[in-house]
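# Descriptive analysis of the structure
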Amino acid sequence: MSHPGAPCPDWRVDRPLIMGILNATPDSFSDGGRWNTVDSALAAAEAMLEAGADLIDVGGESTRPGAQPVSEDEELARVIPVIEAIGRHLDCPVSVDTSTPAVMTRATEAGACLINDVRALSRPGAIEAAVESGASVCVMHMRGEPSTMAARTDYDDVVKEVVDFLAERIARLQRAGLGSDRVLADPGFGFAKTTEQNFTLLRRLGELDRLGVPLLVGMSRKRMIGDATGQPVERRITGSAAAALLAAERGARVLRVHDVGATRDAIAVWQATRASGRTG
Ligand code: 8Y7
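Computed from a prediction, not measured in an experiment: that's the story for all the values here.

### Focus on the site of the ligand
Not every one of the 12 residues close to the ligand is listed here, only the nearest: T63, N116, D186, K222 and R256. Within the side chain of N116, one N or O atom sits 2.7 Å away from a nitrogen atom of the ligand. Backbone polar atom of G218 to an oxygen atom of the ligand: 3.2 Å apart, as the coordinates give it. Across the complex, the protein chains shield 92% of the 410 Å² of accessible surface that the ligand would expose by itself.

### Things to note about helix α5 (residues 158-175)
Residue pairs spaced three or four apart in an α-helix point in one direction, given the helix's 3.6 residues per turn. Its 18 residues give α5 an end-to-end C-alpha distance of 26 Å, which sits within 8% of 26 Å, the value for a rise of 1.5 Å per residue. Listed as buried for α5 are V158, V159, V162, V163, L166, R169, I170 and L173. For α5, the arc enclosing every buried residue in end-on projection is 135°, short of the 170-degree limit, so these residues lie on one face. If you follow the buried residues of α5, they end up packed against α4 (126-133), β5 (136-140), β6 (183-186) and α6 (195-203). With a side-chain oxygen positioned 3.0 Å from the backbone nitrogen of V159, the residue opening α5 is D157. Among the residues trailing α5, G177 stands out with phi positive, at a value near 105°.

### Quick word on the sheet that holds strand β7 (residues 216-217)
If you walk across this open sheet you meet the 8 strands as β6-β5-β4-β3-β2-β1-β8-β7, and the pairing is parallel. Each edge of the sheet is formed by a strand with only one pairing partner; in this case those strands are β6 and β7. Of the strand pairs in this sheet, β7 and strand β8 (residues 254-257) are connected by 2 bridges, and their pairing is parallel. In the sheet register, L216 faces β8, and the bridge partner there is V254. Those strands touched by α5 are β5 and β6, and its axis lies near 150° from that of β5.

Criteria and cut-off values
Residues numbered from 1 in each chain as written. Predicted model: local features only at pLDDT ≥ 70, side-chain atom pairs only at ≥ 80, totals over all residues. Heavy atoms only, no water. Near = heavy atom within 4 Å. Polar contact = N/O pair within 3.5 Å; in protein donor to acceptor, adjacent residues only side chain to side chain. Areas by Shrake-Rupley, 256 points an atom, 1.4 Å probe, with all protein chains shown as cover. Helix = DSSP H or I, 4+ residues; strand = E, 2+ residues; numbered from the N terminus. Expected span 1.5 Å × (residues − 1). Buried < 20%, exposed > 50% of the residue type's maximum accessible area, 1.4 Å probe, protein only. Arc of directions from axis to C-beta. Contact = heavy atoms within 4.5 Å. Pairing = 2+ DSSP bridges. Axes fitted to C-alpha atoms, helices over the stretch in contact; angles between N-to-C directions.

Such coordinate-based values are descriptive only and should not be taken to indicate function.
As structure tokens, then:
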């Protein structure tokens, strides 16, 4: 089925794309629920677009460890009005951060071009809803649920396990009718991984190339940045931009970030360095 919103950008352009995070949650850890009304959500989205965002990721369920579960009705009430307002006023590509099939269906009808599911379409009916929607999908690696994942960090080789998991999900989606041109993959930084494992994944991110789909990464303001820098969440902009740049250099195609301007500047310096090679 077709949807009315702006289409997703071409993931294969010659620069990494920036996905700005828009939390439509009252308990979001990083912007403290300042953007709860549709108007302030719109203002936040507009500011991120002006700062250089290529698409906006709208989420209504906090995946913060210990966060309260959200009912389907509550999730719909949080995200659908925001996606509709963005379509009316900004007309930029929108992704919906959800694991709930009904939200996938309604959000894509309202214009979302991408379903970003941290549970990799594991809920009953999610694959069917995604296939039917016509939208693209980002599948992410995690173990268990956000509430239990912190205890599940026993890996022999974290990179191999993440690649095997994502390859299996991509194959499963392909069998269900989602061609690889509609799929992105994400190693899930901070989801059932220690800081050491997160940095191993970042260092070896190039090995995820063989999944054959564009890679999306999200490290913005996460604990791994805090552990490396010693900074609290409100002072992790520079560290997050550095991590995004390292991921871009290792092939990441989409960077999911809170601080769009800082990320864009870091990428611009990398781009200028690369472009200089063409003239001498
Ligand atoms: C990620 C994500 C979150 C991520 C993708 C946070 C929704 C926690 N993290 N989606 N969502 N990748 N694809 O700190 O790493 O933003 S929520």
